[in-house]
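Structural description and commentary
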Amino acid sequence: MALNLRQKQTECIIRMLNLNQPLKQSGTANEEVYKILIYDRFCQNILSPLIHVKDLRKHGVTLYFLIDKDRKTVRDVPAVYFVQPTQSNIHRIISDASEALYDTFHLNFSSSIPRPLLEDLASGTLKSSSVDKVSKVYDQYLEFVTLEDNLFSLAQDSTYVQLNDPKAGDKEIEAIIERVANGLFCVLVTLGVVPVIRCPRGGPAEMVASLLDQKLRDHLLSKNNMFTEGGGFMSSFQRPLLCIFDRNFELSVGIQHDFRYRPLVHDVLGLKLNRLNVQGEKGGMKSFELDSSDPFWSANSSLEFPEVAVEIETQLNKYKRDVEEVNKRTGGGSGAEFDETDLIGNTKHLMNAVNSLPELTERKQVIDKHTNIATALLGQIKERSIDAFTKKESDMMMRGGIDRAELMAALKGKGTKMDKVRFAIMYLISTETINQSEVESVEAALNEAGADTSAFQYVKKIKSLNVSLAASANSASRSNIVDWAEKLYGQSISAVTAGVKNLLSSDQQLAVTRTVEALTEGKPNPEFDSYLLLDPRAPKSSSGGGSHVKGPFREAMVFMIGGGNYVEYGSLQELTQRQLTVKNVIYGATEILTGSELVEQLGLLGKKMGLGGPVASSSSSGH
């Protein structure tokens, strides 16, 4: 049975909404209790892609509010709180309890509540004589956002900037690593699995892997162990492999333009928490939801955009034929729309027609929705030449460079300032040796377009640093340069260019996908044998390379520190289609970023290093 994160997290939330009572087969509680739901912004984002308003009503939730809003007293009704364990939330809960806003308080924290906060809660409710109002306190371990069955985000904004900030001290880095490891721990508790962990040595990936390994070991020794699977002798076919990387492992995939439906919708139309807004035909904005309940999205989101347009046309024609067929069978006319007054004729045909009405209406709504989205995409593609950027970037990565005239034409042609900055960075990453005069021409073209060049300057600086590192590899000064670079640039030393040539095989398979494929097969491979191997179930001494679980692995989890994207997610899902070993891959990241959002973070780092203008106060981030 494949691991399904969306299903598991939804089950946990439904149990919480039913006051943490065991549920019947139907998915509802034994006795229906009407209740109020209180959440904070973060937990609202956890609920949003999983639970709709009608689902809340089904589970007895009649009212729902944000915790920081003023609320009136509601007598004789229990309240379910779902919030992060923060000082401000604890103070608000104590205040609500002391005012006896609700009959009883069922407190659910999104992650494990630290002891000092639990003590504050206890003393605060004791002081106000409201401790009897608090029915139960639960650690839910749900501090992550599940967007699809196999896709999650820890919703930790700007992690890339924080980890690569040259001014970040050890304490700040440790706090970020702790937060990431806690988020991953929540995911593993929800799935109920203890994975075998692999990651490249050095940098944030190893730090997160080591801390997560320690957390799992400590937890497995505790009495209230939440991992229900069998002992350490389980075969690797039942245990997943968790591969942890950081964004610098392959930076290009986070920046490049892509022409597939899902990455396009995310990048161009700003898909967030499975929702997006599109300009309607009559001027107003239309809001759409894109998730597994939409059959067209599920079937076609990984296709190239032109194929999606053809598929929309095909579905529309099929819909028209089916409507015509129903009209014929019921003696109606041959119009392409349903006219209920025309439904005459034999009763059986009439019944069939009536039964097919809701299904046809639903199909038409889905077709209309995707027609709207495709129209909005097409407008942007034409205006910005996104197809040309995609093709040129892909060619650059394959060939390891681009013709100068073609490069300059793209930078002076159509496209937003951000499109051009992304294209220029892709040029930097794909070229093995930097041609100084060419780079100056690129910078001049970006300045002429009025673009912010700080991200370009940052990648250029890191690239030249990597070149100097490679050049001094055989000399005694290597260690000095590494020390100097690590002091100056923090984590970003881990090669931005990542040896593009060896990472892209002829079929342009992404580095992460290729690495995951090799690691799940578990065969000796000189390229990946140096990777750290941690097995939290194995004795400590044998960990770090001597785990008894070598693979192959049917289930894999891939986690990207510093921001993931839909291109990488799509590539890993394709891996399960064409490869025999791994049957299911769950992909997660600290946040899901568009190319523009990642470039903004690179630009912020550039500014922190004094490149390309003043330091901006914040950076745009994804979910």
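Keep in mind the model is a prediction, meaning the values are calculated, not measured. In this numbering scheme, every chain counts its residues from 1 along its sequence in written order. For this predicted model, a pLDDT threshold of at least 70 governs which residues receive local features, and a threshold of 80 or more governs which side-chain atom pairs are given and counted, while totals over whole chains, interfaces and linings are taken from all residues. Here the side-chain values reflect all heavy atoms present in the structure, with hydrogen atoms and water set aside.

1. So, the nonpolar core
Heads up, the rule is: To define a nonpolar core, start from buried Ala, Val, Leu, Ile, Met, Phe, Trp, Tyr and Cys residues and group those joined through side-chain atoms within 4.5 Å. Buried means the residue's accessible area, taken with a 1.4 Å probe over protein chains only, is under 20% of the maximum for its type, while exposed means over 50%, and partly exposed covers the values in between. Here, two residues are considered to be in contact whenever any of their heavy atoms come within 4.5 Å of each other.
Among the nonpolar cores identified, the biggest contains 78 residues, and I373 and L377 are the most heavily contacted of them. With near-sequence residues (within four places) excluded, L377 lies in contact with Y261, L264, V265, V268, L269 and F305. With 37 residues, the next largest nonpolar core counts F152, I177, V193 and I561 among its residues.

2. Points about helix 14 (residues 404–412)
What counts, and what does not: Counting from the N terminus, the helices are the DSSP runs of H or I reaching at least four residues and the strands are the DSSP runs of E reaching at least two. To obtain the arc, one takes the directions from the helix axis to the C-beta atoms.
Along helix 14, the positions that sit buried rather than exposed are L407, M408, A410 and L411. Taken end-on, helix 14 shows its buried residues confined to a sector of 160 degrees, consistent with a single buried face. Turned more than 90 degrees off the buried face of helix 14, the exposed positions are A405 and K412. Those residues of helix 14 hidden inside the fold are in contact with helix 13 (386–399), helix 15 (417–430) and helix 16 (436–448).

3. What to know about the packing of aromatic side chains
Where we set the bar: In this scheme Phe, Tyr and Trp rings, the latter by its six-membered ring, pair at centre separations within 6.5 Å, and the angle between planes marks the pair as stacked below 30 degrees, edge-to-face above 60, and tilted otherwise.
Under the definition given, this model contains 13 aromatic pairs. With 5.8 Å between their ring centres and 70 degrees between their planes, Y141 and F185 make a pair best called edge-to-face. Of this pair, Y141 sits in the loop between strand 5 (134–139) and strand 6 (145–148) while F185 sits in helix 7 (residues 170–191); the two residues are 44 residues apart in sequence, bridging distant segments of the chain. Just as Y141 is buried, F185 falls in that class too. Three or more aromatic residues joined by ring pairs make a cluster, and in this case those are Y81, Y102 and F105.

4. Quick notes on empty space enclosed by the protein
Using the following cut-off: The rule is simple: put a 1 Å grid over the protein atoms alone, call a set of points where a 1.4 Å probe fits but cannot get out a cavity, call an open set with protein on both sides within 12 Å along at least five of seven lines a pocket, and count a residue as lining if it has an atom within 4 Å of a point. Grid points are joined across faces, edges and corners, and a volume is the space filled by probe spheres set on the points. We call Asp, Glu, Lys and Arg charged. Ala, Val, Leu, Ile, Met, Phe, Trp, Tyr, Cys and Pro are nonpolar, and the rest, Gly among them, are polar.
Per the stated rule, a full pass over the model turns up five cavities of 30 Å³ or more. Approximately 100 Å³ is the volume attributed to the largest cavity. In terms of lining residues, the largest cavity is bounded by 14 residues, among which N565, V567, L593, T594 and G595 are the most central. Put simply, the parts of the chain that give the lining of the largest cavity at least two residues each are helix 9 (261–269) and helix 21 (566–578). In terms of residues, the lining of the largest cavity owes the most to one element, helix 9, which gives three residues. When its residues are assigned to classes, the lining of the largest cavity shows five nonpolar, six polar and three charged.

5. Section: the packing of helix 4 (residues 87–98) against helix 5 (residues 115–127)
Put simply, the rule reads: Between N-to-C directions, angles cover 0 to 180 degrees, with each direction set by a line fitted to C-alpha atoms, over the stretch in contact for helices. The labels follow the angle: roughly parallel below 35 degrees, roughly antiparallel above 145, roughly perpendicular from 65 to 115, and oblique for the rest. For a crossing to be left-handed, the near helix must be turned anticlockwise from the far one by less than a right angle; the clockwise case is right-handed.
Between helix 4 and helix 5, whose axes approach to 9 Å, the crossing angle comes to 20 degrees. Taken together, the axes of helix 4 and helix 5 are roughly parallel relative to one another. The handedness of the crossing between helix 4 and helix 5 is right-handed. For the pair helix 4 and helix 5, contact is made by Q87, I90, I93, I94 and A97 and by L117, D120, L121, G124 and T125, respectively.

6. Describing the pairing of strand 5
For the record, the criterion: Each pair of strands is called paired provided DSSP finds at least two bridges between the two strands. The definition of a right-handed crossover adopted here requires that, viewed with the strands pointing away, the path from the first strand over the helix to the second runs clockwise.
When strand 4 (residues 105–109) meets strand 5, the two strands line up parallel, connected through five bridges. Within the sheet, the bridge partner assigned to L107 lies in strand 5 and is V137. At this point the chain moves from strand 4, through helix 5, to the parallel strand 5, and the crossover so formed is right-handed.

7. Some points on the pattern of salt bridges
Under the convention used in this document: A carboxyl oxygen of Asp or Glu within 4 Å of a side-chain nitrogen of Lys or Arg is what we treat as a salt bridge.
Going through the model one piece at a time under the given rule, you end up with 27 salt bridges. Between R275 and E289 there is a salt bridge whose closest N-O contact spans 3.7 Å. Placement of R275 in strand 10 (residues 275–279) and of E289 in strand 11 (residues 285–289) is noted, with a sequence separation of 14 residues between them. Counted as one network, the salt bridges with shared partners bring together D70, R71, R92 and D96.

8. Notes on the sheet that holds strand 6
With respect to topology, seven strands assemble into an open sheet ordered 6-7-14-13-9-8-12, the strand pairing being mixed. Two strands lie at the open edges of the sheet, namely strand 6 and strand 12 (532–534), each paired on one side alone. On average, adjacent strands in this sheet sit at an angle of 20 degrees to one another, irrespective of strand direction. Bridging between strand 8 (residues 196–199) and strand 9 (residues 241–246) involves three bridges; their strand directions are parallel.

9. Some details on the sheet that holds strand 2 (residues 61–66)
Taken in spatial order, the five strands of this open sheet run 2-1-3-4-5, and their pairing is parallel. Strand pairing shows two members of the sheet lacking a second neighbour, strand 2 and strand 5, which therefore form its edges. Strand-to-strand twist of the sheet, defined as the mean angle between neighbouring strand axes without regard to direction, takes the value 15 degrees. Bridge analysis of strand 1 (residues 35–39) against strand 3 (residues 79–83) gives four bridges, and the strand direction is parallel. Looking at strand 3, one finds that L37 is bridged to V80. Running at roughly 145 degrees to strand 3, helix 1 (residues 5–17) makes contact with strand 1, strand 2, strand 3 and strand 4 of the sheet.

10. Considering unusual backbone geometry
A positive phi angle, near 50 degrees, is found at A100, a position not held by glycine. With respect to the helices, strands and loops of the structure, A100 is situated in the loop between helix 4 and strand 4. Phi is positive for Y141, which is not a glycine, with a value near 50 degrees. You can call Y141 buried: its relative accessible area is 12%.

11. What about the side chain of T146?
Keep this limit in mind: Between N or O atoms, a polar contact is any pair within 3.5 Å; within protein, one atom must be a potential hydrogen donor and the other a potential acceptor, and residues adjacent in sequence are included only when both atoms are from side chains.
Structurally, T146 is set in strand 6. With a relative accessible area of 0%, T146 lands in the buried category. Within the structure, T146 has its side chain in polar contact with the side chain of Q9 (distance 2.4 Å). Residues within four places of T146 in sequence aside, it is in contact with L5, R6, Q9, P49, L50, L151 and F152.

Without other data, these values stay purely geometric and don't point to any function.
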